[in-house]
Amino acid sequence: MTASTPNPKPGYGTLSTSSFGPSTPSRPPSPKKTVAPINITNHADVESPHPSPHSTNPLLSAPQNLSQEHQIESRSLQKGLSQRHLSMLGIAGSIGTGLFLGLGGAVVMGGPLGALLGYTVIGLVVCSVQFALGEVAALMPVTGSFVRHSEVLVDPAMGFAIGWNLVYGNLLSIPSEIVAVCVLVKFWTGDSLNPAAVILPFIALTGGIGMAFVRVFGEVEFVFAMLKILLVVFLIILGLVINLGGVPGTEVIGFRYWQDPGPFVEYIAQGNWGKFLGFWAVMTGAVFSFAGVESLAMAAAETRNPREAIPRAVKRVFARIVIFYGLAVFVVGLLVPSNDERLQGSGDSVAQSPFVLAAAAAGIQGIPSLVNAIVITSAWSAANQSLLAGTRVLYGLALKGQAPKIFLRTTSWGTPYMCVLLFTAFMFLSFLSLSKDAISVFWWLVMLTAAGVLVSWSSILLNHIRLLKAMKKQGISTDRLPWHNWWTEYTSPVGLFMCLLILFTSGFSVFAKGHWDPAKFVSSYLDIPIVLTAYFCWKFLRKTSIIPLDQIPLEEAFEQAEENLSHHNQTFQPTKKTKRWTRFISWIWD
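Residues numbered from 1 in each chain as written. Predicted model: local features only at pLDDT ≥ 70, side-chain atom pairs only at ≥ 80, totals over all residues. Heavy atoms only, no water.

- As recorded in an unreviewed UniProt entry, the protein goes by Amino acid permease and comes from Triangularia verruculosa.
- The Subcellular location (unreviewed entry) comment attached to the protein in UniProt states, word for word, "Membrane". (UniProt positions renumbered as here; feature names shortened; annotations may be inferred.)

Structure representation (structure tokens):
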């Protein structure tokens, strides 16, 4: 079905409102303007045929349509990631210390059944987010992913606000992971080891991976993700064996702790209302355990055949994460009672891991050291994820004229090295851990963007809703989407409602009498005014407006997607049919 589109079409992510006027079919088309040759590798210049009328600052000139941006990315970035890497990126980004160390806190807060229900609900929200991201990213596979999608589907100011919020959060999350590694290493060394001996090698390794060809990053994250998957599977099996009395000298536990102290825990209030608040508290905390699943599309421009790889990765990542988290939460609820005082704490010590506690009770040695070692790789993996996501978002902002053009410079193998150097410089903030007063200030800075996960998920869902509404408005059939599921038209609005509801209620406990906690209040809510301030400041300075549905330049994106699909079909080589066990291994591997 051929779509009818307004004429003239606004550019992709146009920064001024002058392009959003009413269409005038009688107006003759303007002559095509040529773009000067671009060499991002050696220069920071990006020529734009449509400089913004609101500024003469050369740092704010940017390409104004999809084809120009795609041309720049294809020249400066290299496609080094495959679908195998994308699948593991989502796994590595979401399975971290929250799974290995933090599940015990969820059981304490909500009880075994409350924790299981809380993670199940958030798992369904993650499903809506993942599939919404996959459908939009398959059509517009650009570096920066949903940040850049917001600029063309919603408002350029929204892309600016969310993009810089992500850059800020990732700049601080990397040194926070380094500090976490220092704490974890002390499990073996005590206080005798100088933290600088951990910090400097960590910075060198992380910066080196960030500066290398993106495939190196993909392979490193692939290995880390495999280690995490193997440990999760091992701990789940070990937990079931312990629960069923499979360890000599231990008795069968079964569902004992679901009966006493019970499936739910009263939190803040009494009775059923207190049990519901316990479940809700688990659900708000579970959001941050799933943080990172959206990162698999951040490097779409560096992915081979992204319109096929991203949807496949989305489906497999969702299935794996839900299975692993669901089983892990269920097993933890069987292993330890919700009133076990050893589960109380911040969740940053291996001694608080419910798997470690259960293994110690069964007399199994070596589990604490094994879990600690894998958690250290998890922290390193999280730092690598933050470096990839942050540098690619910053590159995308520079490409749109929302950051200095110096960040467009790349190496000959396609790494945005100026972005990496900026993030490496911020890694030295981890030396603040040497001072107690300085580290307190540092953690407050980190907490400013704790709610950024829900902000990002909300923007992903809003992008998808706007895409479908714009297609309907312009008469474009969903059959033209590279990947589409009919039910996402309903799950995206529901998911957006849940994300906003959780965002505004995530810190509800601080408003209860006797539960005021300034740190929790900051981490729950201060990111909201930060994002809104950035949004309205850019909107005021650049005179942007919400793009009308009938003026979103979809036809250009569809033409490019269909052209790439035609090229892929010409070079496609079908794979041989494999046996069932081989396909199962492939499901885990790919």
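Structure's up, so let's keep going.
1. Description of the overall build of the protein
Next up, step 1: Along its length, the protein carries 21 helices and 0 strands.
Next up, step 2: Going through the 590 residues of the protein one by one, you find that 56% of them count as buried.
Next up, step 3: Restricting to contacts in the protein with at least 6 residues of sequence separation, those with at least 24 account for 82%.
Next up, step 4: In the form shown here, the protein has an accessible surface area of approximately 24,700 Å², with 65% of it arising from carbon and sulfur atoms. (Helix = DSSP H or I, 4+ residues; strand = E, 2+ residues; numbered from the N terminus. Buried < 20%, exposed > 50% of the residue type's maximum accessible area, 1.4 Å probe, protein only. Contact = heavy atoms within 4.5 Å. Areas by Shrake-Rupley, 256 points an atom, 1.4 Å probe, with all protein chains shown as cover.)

2. Here's the deal with unusual backbone geometry
Next up, step 1: The peptide bond linking aspartate 260 to proline 261 adopts the cis configuration, its omega dihedral lying at 15°.
Next up, step 2: Here proline 261 is to be found in the loop between α9 (256-259) and α10 (271-289).
Next up, step 3: A positive phi is found at isoleucine 268, a non-glycine position, where the angle reads about 70°.
Next up, step 4: Looking at where isoleucine 268 falls in the secondary structure, it is placed in the loop between α9 and α10.
Next up, step 5: Classification of isoleucine 268 as partly exposed rests on a relative accessible area of 33%.
Next up, step 6: Even without being glycine, lysine 543 reaches a positive phi, approximately 55°.
Next up, step 7: Counting through the fold element by element, lysine 543 comes out in the loop between α19 (527-542) and α20 (554-571).
Next up, step 8: The exposure class assigned to lysine 543 is partly exposed, which follows from its relative accessible area of 40%.

3. A closer look at empty space enclosed by the protein
Next up, step 1: Applying the stated criterion across every chain yields a total of 4 cavities of 30 Å³ or more.
Next up, step 2: By volume, the second largest cavity amounts to about 70 Å³.
Next up, step 3: Going through the elements one at a time, α7 (196-211), α8 (214-243) and α13 (367-399) are the ones with two or more residues in the lining of the second largest cavity. (1 Å grid on protein atoms, 1.4 Å probe; cavity = no way out; pocket = protein on both sides within 12 Å on 5 of 7 lines; lining within 4 Å. Points joined across faces, edges and corners; volume = space filled by probe spheres on them.)

4. Some remarks on the nonpolar core
Next up, step 1: Ranked by internal contacts, the top residues of the largest apolar core, which has 141 residues, are Phe100, Tyr119, Leu153, Val371, Trp457 and Leu554.
Next up, step 2: Sorting elements by how many residues they give to this core places helix α4 (residues 103-139) first, with 18 residues.
Next up, step 3: Contacts of phenylalanine 100, omitting those with residues within four sequence positions, involve Ile95, Lys228, Leu231, Val232, Leu235, Ser353, Pro354, Phe355, Val371, Ile374, Val375 and Ser378.
Next up, step 4: In terms of nonpolar packing, the next biggest core, distinct from the first, is built from 5 residues, Leu172, Val179, Ile439 and Phe442 among them. (Core = buried A, V, L, I, M, F, W, Y, C linked by side-chain atoms within 4.5 Å.)

5. Notes on the pattern of salt bridges
Next up, step 1: In this structure the tally under the stated criterion is 5 salt bridges.
Next up, step 2: A salt bridge links arginine 480 to glutamate 555; the nearest nitrogen and oxygen atoms lie 3.2 Å apart. Of this pair, arginine 480 sits in the loop between α16 (452-473) and α17 (488-505) while glutamate 555 sits in helix α20, and the two are 75 residues apart along the sequence.
Next up, step 3: Residue arginine 480 is classed as buried on the basis of its relative accessible area, which comes to 16%. (Salt bridge = Lys/Arg side-chain N within 4 Å of Asp/Glu carboxyl O.)

6. Here's the deal with helix α14 (residues 417-427)
Next up, step 1: When we look at burial in α14, the residues that qualify are Met418, Cys419, Val420, Phe423, Thr424 and Met427.
Next up, step 2: Looking at the buried residues of α14, the elements they touch are α6 (156-189), α7 and α13.

7. Here's the deal with the packing of α6 against α7
Next up, step 1: Interaxial distance between α6 and α7 falls to 10 Å at its minimum, and their mutual angle equals 135°. As judged from the angle between their axes, α6 and α7 are oblique. Relative to α7, the crossing made by α6 is right-handed. Contact with α6, carried on its side by Ile178, Val181, Cys182 and Val185, involves Val198, Ile199, Phe202 and Ile203 of α7 and no other residues of that element. (Axes fitted to C-alpha atoms, helices over the stretch in contact; angles between N-to-C directions. Parallel < 35°, antiparallel > 145°, perpendicular 65-115°, else oblique. Left-handed = near helix turned anticlockwise from the far one by under 90°.)

8. Let's talk about the side chain of asparagine 485
Next up, step 1: Note that asparagine 485 resides in the loop between α16 and α17.
Next up, step 2: Residue asparagine 485 is classed as buried on the basis of its relative accessible area, which comes to 15%.
Next up, step 3: Residues contacting asparagine 485, with those up to four places away along its chain left out, are Phe131 and Glu135.

9. Some points on a nonpolar patch on the surface
Next up, step 1: Taken together, the side chains of Val233, Ile237 and Val241 present a nonpolar region at the surface, about 220 Å² in accessible area.
Next up, step 2: For isoleucine 237, the position within the fold is in helix α8. (Patch = residues over 30% accessible without salt bridge, like charges linked within 9 Å, V, L, I, M, F, W, Y side chains within 5 Å.)

10. Points about helix α5 (residues 146-153)
Next up, step 1: Counting buried positions over the 8 residues of α5 gives 8, a clear majority of the element.
Next up, step 2: Residues of α5 that are buried include every one of Phe146, Val147, Arg148, His149, Ser150, Glu151, Val152 and Leu153, and no others.

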